[in-house]
Amino acid sequence: MFKINENFLNLQDSYLFSTIAKKVAEFQKNNPDSKIIKLGIGDVTKPIIPAVIEAMHKAVDEMGTKEGFRGYGPEQGYDFLRNAIAENDYKNLGIAPDEIFVSDGAKCDCGNIVDIFDLNSKIAITDPVYPVYLDTNVMGGRSGKFNEETGMYENIVYMPVSNENNFVPELPKEHVDIIYLCFPNNPTGTVLNKEELKKFVDYAKENKALILFDAAYEAFITEKNIPRSIYEIDGAKEVAIEFRSFSKTAGFTGVRCAFAVVPKSLFGYTSKGEQVSINKLWNRRTTTKFNGVSYIVQRGAEAVYSEAGKKQIRENIEYYRENAKIIKEGLEEAGFTVYGGVNSPYIWLKVPKGLTSWEFFDSLLNKANVVGTPGSGFGPAGEGYFRLTAFGTKENSIEAIKRIKNCF
């Protein structure tokens, strides 16, 4: 008989967002006339910008000609896009095009990167956390068993973030090999300044650890001294991989394009202590398991960096920032304690006393017909909190706040 990977049995019953979808579908079935406003998942609502659409149309036309047709492309990404990323996102940070790997999503990169790490690696995550970081390590066998009482896995190091520590995670108190950081943070919407992030870089250097830095929301940063890239911190190229995405900046959630930055100065170690280039390992994994992002999509991504593209992207980002402001200020007026929403499209609020985060989810859905995300779905430290997203329409953001004010 064939056997399964039994690590999958250590996963919790359902992925957070599929559970929410089932609850919403059941409510809609029983209340067909209700107009539900979904501010739960981080999916965008603004159309793809004209500069990108024009570039993609042109690329489609090219593919219909003998001269312009392209088959398999380079698995790491076409040079035109890797060069554009290096020049625009990492200018003066010393990142070369061949340290950039174009992919079909930051979620995929965050999940796939663990292929190249030892199965006994000690993992540290913030709590609450984006579920993909945790679940992919559960699948890989690094987590150990789940403890129902604590809501934690036995072999995972948790770094709690809450209002009590200003949402700044403490350094691990024990040795860890890999640290996941996401800032601006999903789900809390909070950030680290350069001094706070430098502490993690220094820790990684001292302990020969690796930082996996998810910067998917860097375009929403508005305040000074908040790094858009971990490579703004001295020494980070020796200890960190950075993930970015066109999903939230350019609305590519349905188009799929992202990239990982793996510096050539980053080395891992064999069991004998020998140095191995992580860039070479990731390149080998990429060329073996991935056929690359389509030429048409990459031409669209390249257009994000054109003058027209930059202007149009700024307008879209500002639209979502305004939504975040509407939601944040509206909730505060309604008496809620609110975090995030300044450098991030996510608003993190404390639920009313006496309610769990899932109970608040049900109450919000039934009373206001508004969908958000229970904080406990992101980890035990998320209990008592709730996430709303600014990626809806402005009209729905205003309407959602109006309904919430009338119900709570």
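What counts and how
Residues numbered from 1 in each chain as written. Predicted model: local features only at pLDDT ≥ 70, side-chain atom pairs only at ≥ 80, totals over all residues. Heavy atoms only, no water. Helix = DSSP H or I, 4+ residues; strand = E, 2+ residues; numbered from the N terminus. Expected span 1.5 Å × (residues − 1). Contact = heavy atoms within 4.5 Å. Polar contact = N/O pair within 3.5 Å; in protein donor to acceptor, adjacent residues only side chain to side chain. Salt bridge = Lys/Arg side-chain N within 4 Å of Asp/Glu carboxyl O. Buried < 20%, exposed > 50% of the residue type's maximum accessible area, 1.4 Å probe, protein only.

(A) Seen up close, helix α10 (residues 307–333). With 27 residues, α10 should cover 39 Å at 1.5 Å per step; its first-to-last C-alpha distance of 39 Å lies within 8% of that length. With its phi angle positive at about 100°, G335 sits one or two positions after the end of α10.

(B) Summary view of the environment of Y305. Inspection of the secondary structure assignment puts Y305 in the loop between α9 (295–303) and α10. Beyond its immediate chain neighbours, meaning those up to four positions away, Y305 contacts L81, A84, I85, N88, D89, F246, F259 and K310. A distance of 2.5 Å separates a polar atom in the side chain of Y305 from a polar atom in the side chain of D89.

(C) Inspection of the pattern of salt bridges at higher detail. Throughout the structure, instances matching the rule amount to 20 salt bridges. The partner of D98 in a salt bridge is K264, and the shortest N-O contact between them spans 3.0 Å. With D98 in the loop between α3 (79–89) and β2 (100–103) and K264 in the loop between β10 (258–261) and β11 (267–269), this pair connects stretches of sequence that are 166 residues apart. By relative accessible area, K264 is classed as partly exposed at 39%. Across the salt bridge formed by E318 and R321, the nearest N and O atoms sit 3.5 Å from each other. Here the residue E318 and the residue R321 both occupy positions in helix α10, the gap between them amounting to three residues, near one helical turn. E318 sits in the partly exposed class, given a relative accessible area of 41%. The partly exposed category is assigned to R321, whose relative accessible area is 22%. Put simply, D89, E218, R228, E242 and R244 are held in one network by salt bridges that share partners.

(D) Expanded view of helix α8 (residues 278–289). In a regular helix each residue adds 1.5 Å, so twelve residues correspond to 16 Å; α8 covers 16 Å between its end C-alpha atoms and thus fits that length. In this fold, the buried residues of α8 make contact with β2, α4 (106–112), β9 (240–245), β10, β11 and β12 (275–277).

(E) Unusual backbone geometry, seen in detail. Residues D127 and P128 are joined by a peptide bond in cis, for which omega reads 5°. A cis amide bond links F183 with the next residue in sequence, P184, at an omega value of -5°. Of note, P184 is situated in the loop between β7 (178–182) and α6 (194–207). The phi torsion at F167 lies on the positive side, around 60°, for a residue other than glycine. As for its position among the elements, F167 is in the loop between β6 (156–160) and β7. With phi around 50°, K208 is a residue other than glycine that occupies positive phi space. Residue position: K208 is located in the loop between α6 and β8 (210–214).

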